[in-house]
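# Coordinates in review
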Amino acid sequence: MKVKLWGTRGSLASPGPHTLQYGGNTSCVSVQGEEGTYIVLDAGTGIRDLGVQLPKNINRLHVLLTHLHMDHLQGLPFFAPLRRQGVEVHIWGPPSNSRNLRQRVLRYLSPPLFPVSLREISNELIFHDLPFASVEIEEFEISAELIIHPNPTIGYRISCGGRHLTYLPDHEPALGANNFPLSKEWTSGYRLAEGCDLLIHDAQYFDEEYPFRVGFGHSSMSQAFKFAELVCAKRFIPFHHDPSHGDDELDQVISRSIHEIEPPFVVTPGKEGTVINLNAD
């Protein structure tokens, strides 16, 4: 699996001189299999650059949405493959008891909230309400479960060739725990992340900020490190950076966390453009 980060920011896109290293685009990660299958995790503003740079000969893509908050969805209508003839784009996301995924996505991406409907952009969009069970998407095996974040939100475990990627960009497993982490079986997201080769996990808040944002659905930096240690991840990427956190601050906090915690795993700061080839680890 070749994994690339196209958008690492949370809540709101924040381009500018203070975010040049970590990036200002919201959540988007691509996963490419050895057989050429492309999976895209979330459709934040980072998906625009991904779409421009994708090879022109690709005729099928799969976009897996964790949830439908706008920072994870608003880049979708700017995804270039939607405008290419003969490209089949499958959109997967959390189910609902009231409306199917197509109906919920089109509520956002149609007038009056968006000038045109997605139906006018592409006729080859195929929507799937994702079951909470393992499904095969070409060469990948995908596991999905509900995790702690406001509104229906799912995390993903993506497996291929004996390697496992876990993607939990919006996640608050410490919610309700006086001392985090609790036991494994009571920790949100544990089954998805256990023993994974790469964990991409929410680390939106600095530790001193978290007490004022309990219940917002995000983790502090130290909670994210503790979660990675609990699940025995081999590599950890802090992700979904707060729009107010600049490059220098993030460098300092991540470096301090590594120094204080001395994690038993590799830490790779979540910066736009980062590429990790799991097959080469």
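The structure reproduced in this document is the subject of the present report. Being a predicted model, the structure only gives us computed values, none of them experimental.

Here we come to the pairing of strand β1 (residues 2-7). Sheet topology places β1 next to strand β2 (residues 28-32); 5 bridges connect them, and they run antiparallel. Residue pairing in the sheet places V3 in a bridge with V31 of β2.

Pairing is mixed across the open sheet formed by 7 strands, whose spatial order is β6-β5-β4-β3-β2-β1-β14. Single-partner strands in this sheet number two, and they are β6 (125-129) and β14 (275-277). Averaged over all pairs of adjacent strands, the angle between their axes in this sheet comes to 20°, without regard to strand direction. Helix α2 (residues 101-108) contacts β5 (88-93) and β6 of the sheet and is inclined by roughly 120° relative to β6.

Quick look at the side chain of H62 now. Here H62 shows up in strand β4 (residues 60-64). You can call H62 buried: its relative accessible area is 4%. Separated by 2.9 Å, the side chains of H62 and E138 make a polar contact.

Turning to the state of the cysteines, a few remarks are in order. One pass over the full model with this rule turns up 0 disulfides. For the unlinked cysteine C196, the closest cysteine sulfur is that of C232, found at 9.5 Å. Given a relative accessible area of 0%, C196 falls into the buried group.

Now for the environment of G273. Mapped onto the secondary structure, G273 falls in the loop between β13 (266-267) and β14. Residue classification places G273 among the partly exposed residues on the basis of a relative accessible area of 42%. Taking the C-alpha atoms as reference points, G273 and D251, 22 residues apart in sequence, are found 16 Å from one another. Not counting the four nearest positions on each side in its chain, G273 is found in contact with K4 and L5.

Now for the pattern of salt bridges. Where charged atoms of side chains with opposite charge meet at close range, the side chains can pair. What the rule picks out here adds up to 7 salt bridges. Close ionic contact of D49 with R48 constitutes a salt bridge, the shortest N to O distance being 2.9 Å. Put simply, E145 and R191 hold a salt bridge, and the shortest N to O gap is 3.0 Å. Within this pair, whereas E145 is found in strand β8 (residues 140-146), its partner R191 is found in helix α4 (residues 190-193), the two being separated by 46 residues in sequence. Here the salt bridges do not stand alone but share partners, grouping R60, E88 and E138 into one network.

Turning next to the nonpolar core. Nonpolar side chains tend to gather and get buried jointly when the protein is soluble and globular. Counting residues in each nonpolar core, the largest one holds 29 residues, and the members touching the most others are L199, F227, V231 and F236. Of all the secondary-structure elements, those providing two or more residues to this core are α4, α5 (221-230) and α6 (247-261). With near-sequence residues (within four places) excluded, V231 lies in contact with Y190, A193, E194, G195 and L199.

Here α6 is 15 residues long and its end C-alpha atoms lie 21 Å apart, about the 21 Å a rise of 1.5 Å per residue gives. Buried within α6 we find D247, L250, V253, I254 and S257. Along the axis of α6, the buried residues cluster in a sector spanning 140°; they form a single face. Residues of α6 that are exposed and point more than 90 degrees away from the buried face comprise D248, Q252, H259 and E260. Each element contacted by the buried residues of α6 is listed here: α5, β12 (235-239) and β13. A positive backbone phi angle near 50° is found at E262, which sits one or two residues after α6.

Rules behind the numbers
- Counting from 1, residues in each chain are numbered in the order their sequence is written.
- pLDDT decides what is reported in this predicted model: residues at 70 or higher carry local features, side-chain atom pairs at 80 or more are listed and counted, and totals for whole chains, interfaces and linings draw on all residues regardless.
- Derived side-chain values reflect all non-hydrogen atoms in the structure, with water molecules and hydrogen atoms excluded from consideration.
- A pair of strands is labelled paired if DSSP reports no fewer than 2 bridges between them.
- Secondary structure elements follow DSSP: runs of H or I no shorter than four residues count as helices, runs of E no shorter than two count as strands, and numbering proceeds from the N terminus.
- Angles run from 0 to 180 degrees between N-to-C directions of axes, and those axes are lines fitted to C-alpha atoms, restricted for helices to the stretch in contact.
- The contact definition used throughout considers only heavy atoms, calling two residues in contact when any of these lie within 4.5 Å.
- Relative accessible area decides the class of each residue, using a 1.4 Å probe on protein chains only: under 20% of the type maximum gives buried, over 50% gives exposed, and in between gives partly exposed.
- Here a polar contact is recorded for every N or O atom pair within 3.5 Å, except that within protein the pair must consist of a potential hydrogen donor and a potential acceptor, and residues adjacent in sequence are included only if both atoms are side-chain atoms.
- Counting rule for disulfides: a pair of cysteine sulfur atoms within 2.5 Å.
- Each reported salt bridge corresponds to a side-chain nitrogen of Lys or Arg within 4 Å of a carboxyl oxygen of Asp or Glu.
- In these notes, a set of buried Ala, Val, Leu, Ile, Met, Phe, Trp, Tyr and Cys residues joined through side-chain atoms within 4.5 Å is what counts as a nonpolar core.
- By this rule the span expected of a helix is its residue count minus one, scaled by 1.5 Å.
- Within this analysis, the arc is defined by the directions that extend from the helix axis to the C-beta atoms.

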